[in-house]
Amino acid sequence: MTGDTVIAVAAIGAGVGLLSGIFGKGGSAVATPLLAAVGIPAVAAVASPLPATIATTMAAATAYWRDGQIDRRVVGITVAIGIPATIAGAVTTRWVDANILVLITDLILAALGLLVLVEGRQTPVGDDRPAPAPLGPTAMIALTVGFASGLLANSGGALLAPLYLTVLHLPIKRTFASSLTAATALAVPATAVHTLLGHIDWAVVAVFAAASVPLAAVGARLALRTSSIRLEKAYGVTLIGLGTSFAVARLA
């Protein structure tokens with residue numbers, strides 16, 4: 001990489017890391033189009049953010065873990081079902097053109113963002129023990145997002161967080177905490193498969209991770225200090241903005 005490219009990748013990593021910590025997502029889905037825009041080859045732009053998200057999501061999840069926000073049942077089901085689904089999705093990249101799937105993912109993000117804003121649902125203040133999430137919907141989320149994360153070379157947080165929120169109705173901070181924790185686990189097998197397929201540029205990984213990890217921890221601490229209502233509204237607007245802008249860029 002040239003010096004300018006290194007600076008650009010570091011800036012992207014810092015921005016994605018901050019958003020990851022605030023909104024409970026690994027950041028691969030956001031990083032890919034930005035890396036491609038600064039000259040990283042398409043395959044590397046898709047796969048290289050993935051191993052960096054392991055450290056990024058772990059750093060952010062730690063802050064939520066200390067605050068007692070993680071739903072262990074939801075994470076356990078997601079990891080148990082999601083890991084084999086992720087491996088299957090990653091292997092499938094040999095035969096599937098993922099461009100249309102990426103576009104669909106962007107549109108889904110925008111739709112989920114709108115749903116978040118329309119529902120406006122919040123757990124009552126002081127209710128830190130919500131009812132256990134239903135097994136069936138949790139398993140379906142794990143299967144679907146796991147396969148998609150392997151296929152699209154991302155850690156799954158971009159879809160896990162809004163689905164935890166809108167389908168399982170977890171409180172917003174518990175949603176982000178659980179999404180980050182599960183995404184950390186799902187990124188490991190996908191990274192292994194894409195490494196074997198030769199899709200990852202480790203120089204990009206190093207620069208991206210060095211910038212994203214510390215900012216992810218900052219973002220998580222910022223989210224924990226923000227009111228749930230404001231955080232949920234900001235999350236909905238962000239999902240709509242990211243999903244719409246990426247979809248328009250892909251169609252242009």
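The coordinates are above.
No experiment lies behind these values; they were computed from the predicted model shown. (Residues numbered from 1 in each chain as written. Predicted model: local features only at pLDDT ≥ 70, side-chain atom pairs only at ≥ 80, totals over all residues. Heavy atoms only, no water.)

### Here's the deal with the packing of aromatic side chains
One pass over the structure, following the stated rule, counts three aromatic pairs. Taking 6.1 Å as the distance between ring centres and 80° as the angle between the ring planes, the aromatic pair formed by Phe23 and Phe176 counts as edge-to-face. Pair noted here: Phe23 is in helix α1 (residues 3-23) and Phe176 is in helix α9 (residues 172-196), with a separation of 153 residues, a long-range link. Phe176 shares its class with Phe23; the two are buried. For the pair Phe176 and Tyr235, a centre-to-centre distance of 4.9 Å together with 75° between the ring planes defines the contact as edge-to-face. Linking Phe176 in helix α9 with Tyr235 in helix α11 (residues 228-251), this pair joins segments that are 59 residues apart in sequence. Its relative accessible area of 0% is what places Phe176 among the buried residues. Joined through ring pairs, the aromatic side chains of Phe23, Phe176 and Tyr235 make up one cluster. (Phe/Tyr/Trp six-rings, centres within 6.5 Å; stacked < 30°, edge-to-face > 60°. Helix = DSSP H or I, 4+ residues; strand = E, 2+ residues; numbered from the N terminus. Buried < 20%, exposed > 50% of the residue type's maximum accessible area, 1.4 Å probe, protein only.)

### A few points about α1
The first and last C-alpha atoms of α1 sit 30 Å apart over 21 residues, in line with the 30 Å expected at 1.5 Å per residue. Where α1 is buried, its residues touch α2 (28-37), α4 (49-66), α8 (157-166), α9, α10 (202-224) and α11. Backbone geometry just downstream of α1 places Gly24 in the positive-phi region, at approximately 65°. (Expected span 1.5 Å × (residues − 1). Contact = heavy atoms within 4.5 Å.)

### A look at the packing of α9 against α11
The contact between α9 and α11 brings their axes to 9 Å, and the two run at 60°. Judged on the interaxial angle alone, α11 and α9 are oblique. On α11, the residues touching Ile172, Lys173 and Phe176 of α9 are Ser228, Leu231, Glu232 and Tyr235. Each residue belonging to the contact of α9 with α11 can be placed in one class, and the counts come to four nonpolar, one polar and two charged. (Axes fitted to C-alpha atoms, helices over the stretch in contact; angles between N-to-C directions. Parallel < 35°, antiparallel > 145°, perpendicular 65-115°, else oblique. Nonpolar A, V, L, I, M, F, W, Y, C, P; charged D, E, K, R; others polar.)

### Focus: the nonpolar core
Membership of the largest hydrophobic core comes to 38 residues, with the highest contact counts inside it found for Tyr64, Tyr164, Phe176 and Tyr235. Ranked by the residues each element gives to this core, the list is headed by α8, at seven residues. Judged by nonpolar contacts, the second largest core, of 19 residues, contains Val9, Ala47, Val207 and Phe246. (Core = buried A, V, L, I, M, F, W, Y, C linked by side-chain atoms within 4.5 Å.)

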